[in-house]
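Next come the chains, spelled out residue by residue.
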Amino acid sequence: MFGGSILVRCPRSSFQLQRSTRNSRHQRRLKNSQSHLGIICDQRHYSQKSMEPEQDKELGKELAQVVPDLSEEAEGSEGWRFWKWRWIPTSNKILRNAEKALLDTTKLDVKQEMVQIAENEYINTITVGSGPPLVLMHGFGSGVGLWLCNLEELSRDFTVIAVDLPGFARSTRIPYNGKTPEQADDYFIDRFEKWRQIQELDDFTLLGHSFGGYVSAAYAIKYPDHLSHLILADPWGIPSVPQKDAKKPPLVYRTINSIATQWTPLAVIRAAGPYGGGLVTRFRGDLTNKYKELIPEGNHVLEYVYHCNAGEPTGEQAFLGTCHSLAYAAKPIVDRDLTPIKKSKMKVTLLYGDVIFNLKVQLEIITT
């Protein structure tokens, strides 16, 4: 691993750092590169042979202080595991513990299970309460743990079932290889339908927030017969793309956008490695206030959000497949054939706060 070369694979690119001992300049470059990769090492550990941490006890002890144990619930490709193990301080075990720490604050009898929907594919699911089934679908970059402020109230009247979307949080991060918006939609909704069948749910309420609202609406159009009520809370992807944004931009901007889309929306968090948690704190520090009544130490929420998004970004890649841009869907819900919903028995409710993205545009759609 340390002898000869160091190969680091990202989801869409590879970087190879060649080791050279010909002169001190090359040695300095190697040392700087290793420092940027978060590898704790010293020149005395170099050898001509490939060296694993367990083959060098002293180096292994140093690595053990900063590298999490990824032996449980390994996921993704070998290349991704190498990148994550060496640079990104996360693991499924850490995420599981972070989720449990949040849910334990509710003092509710929350049942958690990994529902198998196919070979090596699981949907993380929590259940609490009794009554008619209410399924919760979170938004982009989130997970079941962030519903904790709603669980007590909702579970008084419903059997509340919250799921992690495929490719997000603790659900299996199935590789996304789609090329069209329809394939991106199916990545989420077909797997959710498999989950529904296994859970034997029928005549249930589906509540989706933000991107989860978009997925919920797309699911309702394709599989309308099993829903009694569709609730979209501040949903993303409802309105059409404004005409000014629909025009073809100049070549230079299309080129820049093409390069930018080689990275997923939260790639910066993973690229920052051990500093990614600090970025979450800086840009989403508002979460501490939202959850302070249940969790006085708001850093627990931020830790959970970081570990939800530090893993392999397969869900993010599928999300990008649904996008015209980060602000608008490639196939907006309002532009689709809504006949299946109109002919079904389900009620549809849209919920909005006072200040949301595209409020004016979406309210115009609702009232027309």
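Preceding this section is the structure that the text describes.
The structure reproduced in this document is the subject of the present report.

What counts, and where the lines are drawn
Residues numbered from 1 in each chain as written. Predicted model: local features only at pLDDT ≥ 70, side-chain atom pairs only at ≥ 80, totals over all residues. Heavy atoms only, no water. Helix = DSSP H or I, 4+ residues; strand = E, 2+ residues; numbered from the N terminus. Buried < 20%, exposed > 50% of the residue type's maximum accessible area, 1.4 Å probe, protein only. Phe/Tyr/Trp six-rings, centres within 6.5 Å; stacked < 30°, edge-to-face > 60°. Lys NZ or Arg CZ within 6 Å of the ring centre and 35° of its normal. Expected span 1.5 Å × (residues − 1). Contact = heavy atoms within 4.5 Å. Salt bridge = Lys/Arg side-chain N within 4 Å of Asp/Glu carboxyl O. Pairing = 2+ DSSP bridges. Axes fitted to C-alpha atoms, helices over the stretch in contact; angles between N-to-C directions. Bend = angle between axes of the 7 residues up to and from the residue.

1. Here we look at the environment of S325
Right, so step 1: Positionally, S325 belongs in the loop between α14 (314-321) and α15 (339-343).
Right, so step 2: According to the relative accessible area criterion, S325 is partly exposed, its value standing at 29%.
Right, so step 3: Considered as a pair, S325 and V241 are 84 residues apart in the sequence and their alpha carbons are 9.1 Å apart.

2. Considering unusual backbone geometry
Right, so step 1: Positive phi, normally seen in glycine, also occurs at E200, with a value near 55°.
Right, so step 2: Within the fold, E200 resides in the loop between α6 (181-199) and β7 (204-209).
Right, so step 3: One non-glycine residue, D234, lies in the positive phi region at around 45°.
Right, so step 4: Position of D234 among the secondary structure elements: in the loop between β8 (227-233) and α8 (243-246).

3. Quick notes on the environment of N92
Right, so step 1: Structurally, N92 is set in helix α4 (residues 92-104).
Right, so step 2: C-alpha separation for the pair N92 and G311, spaced 219 residues apart in sequence, amounts to 8.4 Å.

4. Quick notes on the packing of aromatic side chains
Right, so step 1: A full pass over the atoms with the stated rule returns 14 aromatic pairs.
Right, so step 2: Arranged with centres 6.3 Å apart and planes meeting at 20°, the rings of F168 and F188 form a pair that is stacked. In this pair, F168 is assigned in the loop between β6 (159-163) and α6 and F188 in helix α6, connecting sequence segments 20 residues apart.
Right, so step 3: Judged by its relative accessible area of 1%, F188 falls in the buried class.
Right, so step 4: Taking 5.3 Å as the distance between ring centres and 35° as the angle between the ring planes, the aromatic pair formed by Y219 and Y223 counts as tilted.
Right, so step 5: For the cation-ring pair, R191 lies above Y187, with the distance from its terminal atom to the ring centre recorded as 4.8 Å.

5. What to know about helix α7 (residues 211-222)
Right, so step 1: Taking 1.5 Å as the rise per residue, α7 with 12 residues should run 16 Å; its terminal C-alpha atoms sit 17 Å apart, in good agreement.
Right, so step 2: Burial within α7 is extensive, with 11 of its 12 residues counted as buried.
Right, so step 3: Within α7 the residues assigned to the buried category are F211, G212, G213, Y214, V215, S216, A217, A218, Y219, A220 and I221.
Right, so step 4: Tucked inside the fold, the buried residues of α7 contact β5 (133-137), α6, β7, β8, α14 and α15.

6. Observations concerning the pattern of salt bridges
Right, so step 1: Evaluation of the coordinates by the stated rule reveals 12 salt bridges.
Right, so step 2: Between K331 and E182 there is a salt bridge, with its nearest N and O atoms 3.3 Å apart. One end of the pair, K331, is in the loop between α14 and α15; the other, E182, is in helix α6, with 149 residues separating them in the sequence.
Right, so step 3: The partner of D186 in a salt bridge is K222, and the shortest N-O contact between them spans 3.0 Å. Here K222 lies in helix α7 and D186 lies in helix α6, a separation of 36 residues in the sequence.
Right, so step 4: Look at D186 and you get partly exposed, because its relative accessible area is 26%.

7. Structural notes on the sheet that holds β7
Right, so step 1: Read from one edge of the open sheet, seven strands run β3-β4-β6-β5-β7-β8-β9, paired in mixed fashion. If you trace the sheet from one side to the other, it starts and ends with β3 (111-118) and β9 (347-351), each paired once. The average angle at which neighbouring strand axes cross in this sheet is 20°, direction not considered.
Right, so step 2: Pairing of β7 with β8 involves six bridges; the strand directions are parallel.

8. Some remarks on the pairing of strand β4 (residues 121-129)
Regular strands place their side chains on alternate faces of the sheet.
Right, so step 1: Of all the nine residues making up β4, seven are buried; the element is thus mostly covered by neighbouring parts of the structure.
Right, so step 2: Strand direction decides the pairing type here: β3 and β4, joined by seven bridges, are antiparallel. By the bridge assignment for β4, Q116 is matched with Y122.
Right, so step 3: Counted between consecutive antiparallel strands, the loop separating β3 from β4 contains two residues, among which N120 sits at a positive phi close to 60°.
Right, so step 4: For β4 and β6, the ladder comprises five bridges, and the chain directions are antiparallel. When the sheet's bridge partners are listed, V128 is paired in β6 with V160.

9. Observations concerning α6
For the α-helix, the turn length of 3.6 residues means that residues three or four positions removed from each other point alike.
Right, so step 1: The first and last C-alpha atoms of α6 sit 27 Å apart over 19 residues, in line with the 27 Å expected at 1.5 Å per residue.
Right, so step 2: Bending of α6 peaks at approximately 30° at the position of Y187.
Right, so step 3: Restricting attention to buried positions, one finds in α6 the residues A184, D185, Y187, F188, I189, R191, F192, E193, W195 and R196.
Right, so step 4: Of the residues flanking the end of α6, it is E200, one or two places downstream, whose phi is positive at about 55°.

10. Some details on the side chain of T314
Right, so step 1: Secondary-structure assignment places T314 in helix α14.
Right, so step 2: Setting aside anything within four residues of it in sequence, one finds T314 in contact with G167, R173, I174, P175, Y176 and Y187.

Any functional reading would require information beyond the geometric quantities listed.
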